Structures are given as structure tokens and as C-alpha cells.
Amino acid sequence: MSFMKPTTVTVPEEFTLEPITLNQYVLDGQVKTWNGPTTEVYSSIETLDQSGQLGPTYLGQVSAMDEESALEAIRSSVKAFDRGMGEWPTMRVTDRIKCMEDFAAKMVTKRDEVVKLLMWEIGKNYNDSQKEFDRTVDYIYDTIEACKDFDRKGARFLNDSDVRAHIRRGPLGIVLCLGPYNYPLNETFSLLIPAIIMGNTTIFKPAKLGVLLIGPLLEAFATSFPKGVVNVLFGRGRAVASPIMKSGHIDVLALIGHSSSAIALQDLHPNKNRLRLVLGLEAKNPGIILPSADLQNAVSECISGTLSFNGQRCTALKILYVHKAIKDQFLSAFSDAVDALQLGMPWENTLLTPLPEPHKPDYIQSLIDDALDKGAKIINKRGGERSSNFIFPAVLYPVTKDMKIYHEEQFGPVIPVRDFEDIQLPLEDMAQSNYGQQVSVFGTNSAELAPLIDYLVNLVCRVNLNSACQRGPDTYPFTGRKDSAVSTLSVHDALRSFSIRTFLAAKDNALNKGIINDMLRERQSNFVTTDYIL
């Protein structure tokens, strides 16, 4: 493979970053200082060091916490939940909402710091980093509104068969939240925020990349919620998350990442039957280009679907199926569009930016080499060009089942393509796949599309018509079949995933009516209330 020549990077003044020492964490409602070992943090964005050598940029250091600190966090969470009797789980919903609004207001003041760190830590371009922050804030406020709606629906008494019932949603207990590196703010908070607002206590450990950007938010976490509601730890999952799971105190494992991590953590829990799971895992989302497809639209959407943020999205299109009738036209136009893309720095807002994981170019190379050895070709001229921190997207065709790229979720810039004459080929592949998150279908013939959609909705959980796969809008369900997900995330569904229906039942007689009326009139209970939140 040819190599792209490294160039000296000139960083615009507004995006320069001084090294950060993040040796703080949140425990018992306080920002505390960690005096133990730390881990150095580097960006794959290469700049000149003090000796004039071009290499990874030193961003700072972060706490490498240990088992003892992990056990302190679990003790804090257990105490705060207090078997459901703690201040937070028994608090009125209106008061929990006020705490969350306070957190959101404080978070907004840290926008510039977080956005800059997103760019440097994971190589996400400036526009997308801003969007991730703003979308996360919007998600918090949308969650607040959905929580109000949940409470409004519970602000009444039902009567069936002379039994009155007051049904609301209650917390599950203690939640361990582990987010992904590719959306270290948005997807992590899509777990953490609903878990908190529903009355659970939480332990949050950031992903392996995108850790420094949590630093500016620690004070907000510590001061917005009662002590023990949110504990924030840093360190390797094996050192921190493993002892937490072994303790048996975790009621919900909330994780977006790889299934191997989810399985390993589940296996550590001594009472797996009591462990609830909220998981967003791998996907191998296909794009199916039918003979009737609008070629220009299909190419444009497939470029976005395969290569937004270098293809480092669980919702990315990770394999394309192209009908033989339009294969040559599509591959020609698509390859030209890929080769026209520019690799640039995050502040230049290019689609392609340096890969944040140091080993990823070698891994992508191994997938390409394996496919070439087994008969595939690189269709685009620039495919496989290398630099120290990037490999240019390679369009591989024809891809067969004996190639690693067919089976593995590449999570990076390489695009496998298969052709088909009979639609049963991609359908059979999807049916046999371990994954079932989404699919994109490109076509204009409704008579052809209708029966196909009827089948696809039973193979995946979202069918995208003439558009790339994506998570948003956040009000729509986000989940998957088979190995792709457990539980459903969206603003509404996440609140359900982190809570359980619970209710007061009372025979409809004079005694019980009097007791309940007294409770309501004197506002004696935070649970038994018909207050309507506006």
C-alpha cells in the first residue's frame, strides 16, 4: 500500500489545548482528588513535540483508579439508594427534575471546553463535536419532559373489580453506566440521564477514549444531585468495573460497547438472574441497492452511511449489497465519491479525520489483506493509502463469506460490497447474521419495496428507506435484535428501561378511601399524589 506523507500540523489558536491533569473524581457528592497512579492521554492528531518531531499529541493524564476506590463508590451508591428508602428514590418527581435542570444549566457553561476535548481525544470534527454536545443537552431536556409526561399519567387512581390502584414507575436500584468512545458524551448520557432521573443511584465510568472531556462536568455532577446519586470513576474496566460487578450490588448494567465486555461483566455478577441489562452492542448494518434506486441519492447516502466519523458508528453501513443490473454504475460513482473525500484535521470539518485508536489502521489493513488474498479487489484508486494514524477507505469487491470483512464489524474506513440478482441473497445473509439493528434500502418501486419491508422489519428493528442508518431522532426507538442490543433506548423508552411499574392497591371501601384522601389532602406521601406537573 502507498503511504500518505505526514505533514506538519498548524493548530488554529482557538483550538490549541494545554495538557490537562484529571486527577479528580466524584464520590459521595464531592469532587475528590486521586493521589494514586495516572495514565497518560494522547491524541492521534500529530503535532510537533518540543524536540521538533511529529507524533501523537500529549493531552494530559487521567486517574488510574483501583479496586478500593471502586468499592468505595459501590458503598456510596448502596447507601444513597438505601434499599429504596434513600432521599433520591423516595423524592418527589418534581424535585428530581429540578436537580436535573440544575445539572443541565451547569453543563451548558462547559460547552467550549467539552467540544474542544471531543475533537482532540477522538478526532471528531468540530461541527459534529458541537452537534454531539448540543444534542446531549437537548436529550436531557427532552428526558425531563418525558418524565413529566410519565408522572402525569400516573397522577390518578384506577378502579377495577372494586380494587383501586395508583400506578407509577419506580427505580430499579443501582446502575453501572459504561459508555462508548465514539459518542463518549451523547450515548453515555443516553444511559446515565434516564437512569438518574427515574430515581436510581449510579456509578459512571467513561470509555477508554474520551475521558478528559468528562472533567469539566465533575463539579456539576457533584453539586446538582444528593450525595451518592452519581459517582464518577476513572480507570481500566478490569480494575474498576469488575470489582463493582463482583460485589453483587449492581441491579442494572447499562453498557454501549462490545458484546465481549458485556458478557464478561455479566459473568462476574453473583446473581445474574437479578441483573437487568440495557445494552447497545455491535451491528453489521447492510445497505441494499435495488435496480430502481435513485443512483445519485444512493451514492450520497451510502457515503454518509459508511464513512461519517470514519465509519466509527454502530449505526454505520458496514456492508453494501448492489443489484447486478446497476452494479457497475454504482461502484464507479461510489468509488469516485470516496476518492474525492479529503482527510483533514477536526477543525477543518472534513468527513475523514485521524483514527483515534492507535491500532485501528493495522486492523483495517488486516481486513483488506485478507479480502485481497481471497479474491477481492480494491475498486477505488486511493483505497488503502496509509499514514501513521489513518488508512484511506478501501471499497472491496467482490466480498465473499470466507472473508473476515464479511463477518466482523470493522468499525472503521473499509467498505465491503457484494452483488446479487435474487433479493433472497441479502435476506438470507441478514437472517443468518448474528446482528439485527438496522438496514438501509434504496429503491423507487413501491411494489418491489412493500413486501421487502414486510420481511426486513422482522430481521432488524429499523428499516431506513432511501437513507443511511442512524440513531436519531432521539424520540424514536433505538434497539436491535439478536446480538445487537438488549432493551430499548429513546427518550421515552429509556425511562421505561431504567424503571419498573409499581403501585398501591386498596379495596374500594370507606376505610381505604378515608386513608387515601388524608394522604392526598395533607400531601403526606411522595408516591401517593395526584399533583399534575405542568
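Going by the structure above, here's the rest.
Residues numbered from 1 in each chain as written. Predicted model: local features only at pLDDT ≥ 70, side-chain atom pairs only at ≥ 80, totals over all residues. Heavy atoms only, no water.

(A) Main features of the overall build of the protein. Within the protein, the secondary structure is distributed over 16 helices and 25 strands. Taken against the 2.2 N^0.38 rule, which gives 24 Å for 534 residues, the C-alpha radius of gyration of the protein at 25 Å falls within 12% of a compact globule. C-alpha extents for the protein along the principal axes are approximately 80 × 65 × 40 Å. Buried positions account for 55% of the 534 residues belonging to the protein. For the protein, the exposed area adds up to about 22500 Å²; of that, 49% sits on carbon and sulfur atoms. (Helix = DSSP H or I, 4+ residues; strand = E, 2+ residues; numbered from the N terminus. Rg over C-alpha atoms; globule rule 2.2 N^0.38 Å. Buried < 20%, exposed > 50% of the residue type's maximum accessible area, 1.4 Å probe, protein only. Areas by Shrake-Rupley, 256 points an atom, 1.4 Å probe, with all protein chains shown as cover.)

(B) Molecular detail of empty space enclosed by the protein. Evaluated as defined, the whole model comprises two cavities of 30 Å³ or more. By volume, the largest cavity amounts to about 60 Å³. Approximately 50 Å³ is the volume found for the second largest cavity. Surrounding the second largest cavity, G123, K124, N125, D128, S308, F309, T350, L351 and T353 form its lining. Partitioned by chemical class, the residues of the lining of the second largest cavity number two nonpolar, five polar and two charged. (1 Å grid on protein atoms, 1.4 Å probe; cavity = no way out; pocket = protein on both sides within 12 Å on 5 of 7 lines; lining within 4 Å. Points joined across faces, edges and corners; volume = space filled by probe spheres on them. Nonpolar A, V, L, I, M, F, W, Y, C, P; charged D, E, K, R; others polar.)

(C) Looking closely at the sheet that holds strand β5 (residues 54-63). In spatial order, the strands read β1-β5-β4; together these three strands make up an open sheet with mixed pairing. Among the strands making up the open sheet, the edge pair consists of β1 (20-22) and β4 (38-48). Adjacent strand axes in the sheet meet at a mean angle of 30°, parallel and antiparallel pairs treated alike. Both β1 and β5 contribute to a ladder of three bridges, which runs parallel. Pairing of T21 across the sheet is with Q61, part of β5. Of the strands in this sheet, β1, β4 and β5 touch helix α3 (residues 111-122), which is tilted by about 80° from β4. (Pairing = 2+ DSSP bridges. Axes fitted to C-alpha atoms, helices over the stretch in contact; angles between N-to-C directions. Contact = heavy atoms within 4.5 Å.)

(D) Structural context of the packing of aromatic side chains. One pass over the full model with this rule turns up twelve aromatic pairs. Pairing F15 with Y126 gives two aromatic rings, centres 4.9 Å apart and planes at 70°, and the pair type is edge-to-face. Residue F15 is located in the segment before β1, and its partner Y126 is located in helix α4 (residues 126-154); the two are separated by 111 residues in the primary sequence. Accessibility expressed as a relative area gives 9% for F15, which makes it buried. Judged by relative accessible area, Y126 falls into the partly exposed class, the value being 25%. Summarising the aromatic geometry, the rings of F15 and W347 are spaced 6.3 Å apart at their centres and angled 15° between planes, so their arrangement reads as stacked. Residue F15 is located in the segment before β1, and its partner W347 is located in the loop between α10 (327-339) and α11 (360-373); the two are separated by 332 residues in the primary sequence. (Phe/Tyr/Trp six-rings, centres within 6.5 Å; stacked < 30°, edge-to-face > 60°.)

(E) Region of interest: α11. Its 14 residues place the ends of α11 20 Å apart at the C-alpha level, agreeing with the 20 Å of an ideal helix rising 1.5 Å per residue. Buried positions along α11 lie against β15 (377-378), β16 (386-387), β17 (390-391), β18 (394-397), α12 (404-407) and β19 (414-420). The first or second residue beyond α11 is G375, which carries a positive phi of 110°. (Expected span 1.5 Å × (residues − 1).)

(F) Molecular detail of the environment of D82. Examined against the element boundaries, D82 turns out to sit in the loop between α1 (67-81) and α2 (93-108). Its relative accessible area of 30% is what places D82 among the partly exposed residues. Taking the C-alpha atoms as reference, D82 lies 20 Å from P194; in sequence the two are 112 residues apart.

(G) Layout of the pairing of strand β9 (residues 201-205). Of all five residues in β9, five are buried, a share of seventy percent or more. Side chains of β9 alternate between two faces, with T201, I203 and K205 and T202 and F204 buried alike. Where strand β8 (residues 174-178) and β9 come together, five bridges link them in parallel fashion. The residue of β9 that forms the bridge with C177 is F204. One crossover worth recording links β8 to the parallel β9 by way of helix α5 (residues 186-197), and it is right-handed. For β9 and strand β10 (residues 230-232), the ladder comprises three bridges, and the chain directions are parallel. Within β10, the residue paired with F204 across the bridge is V232. Each parallel crossover has a hand, and for β9 linked through helix α6 (residues 218-224) to β10 it is right-handed. (Right-handed = clockwise from strand over helix to strand, strands pointing away.)

(H) Structural context of the packing of α2 against α5. Between α2 and α5, the least distance of the axes is 9 Å, while the angle of their chain directions is 145°. Across the interface between the two elements, R96, I97, M100, F103 and M107 from α2 touch F189, I193, I196 and I197 from α5. In terms of residue class, the contact of α2 with α5 is made up of eight nonpolar, no polar and one charged.

(I) Representation of the sheet that holds strand β7 (residues 163-171) within the structure. Strand order across the open sheet formed by three strands is β6-β7-β25, with antiparallel pairing between neighbours. The strands lining the two open edges of the sheet, one partner per strand, are β6 (158-160) and β25 (499-507). Neighbouring strand axes in the sheet, compared pairwise and without regard to direction, differ in orientation by 35° on average. Summarising the sheet, β7 and β25 pair through nine bridges and their orientation is antiparallel. Considered in β25, the bridge of R169 is made with R501.

(J) A look at the environment of S161. For S161, the position within the fold is in the loop between β6 and β7. Residues S161 and S446, 285 residues apart in the sequence, show an inter-C-alpha distance of 49 Å. At 3.1 Å, the side chain of S161 and the side chain of D160 are in polar contact. (Polar contact = N/O pair within 3.5 Å; in protein donor to acceptor, adjacent residues only side chain to side chain.)

(K) Quick peek at helix α7 (residues 237-246). Every buried residue of α7 is accounted for by V240, A241, S242, P243, I244 and M245. Those residues of α7 hidden inside the fold are in contact with α1, β8, β9, β11 (252-256) and α8 (259-268). Immediately downstream of α7, the backbone of G248 shows phi near 80°, a positive value.

(L) Looking closely at the pattern of salt bridges. Enumeration over the complete set of coordinates arrives at 26 salt bridges. Residue R164 is joined to D508 by a salt bridge in which the shortest nitrogen-to-oxygen separation is 2.8 Å. A residue pair is termed long-range when its members are at least 10 positions apart, and R164 in strand β7 and D508 in the loop between β25 and α16 (510-522) qualify at 344 residues. For D508, a relative accessible area of 24% puts it in the partly exposed group. (Salt bridge = Lys/Arg side-chain N within 4 Å of Asp/Glu carboxyl O.)

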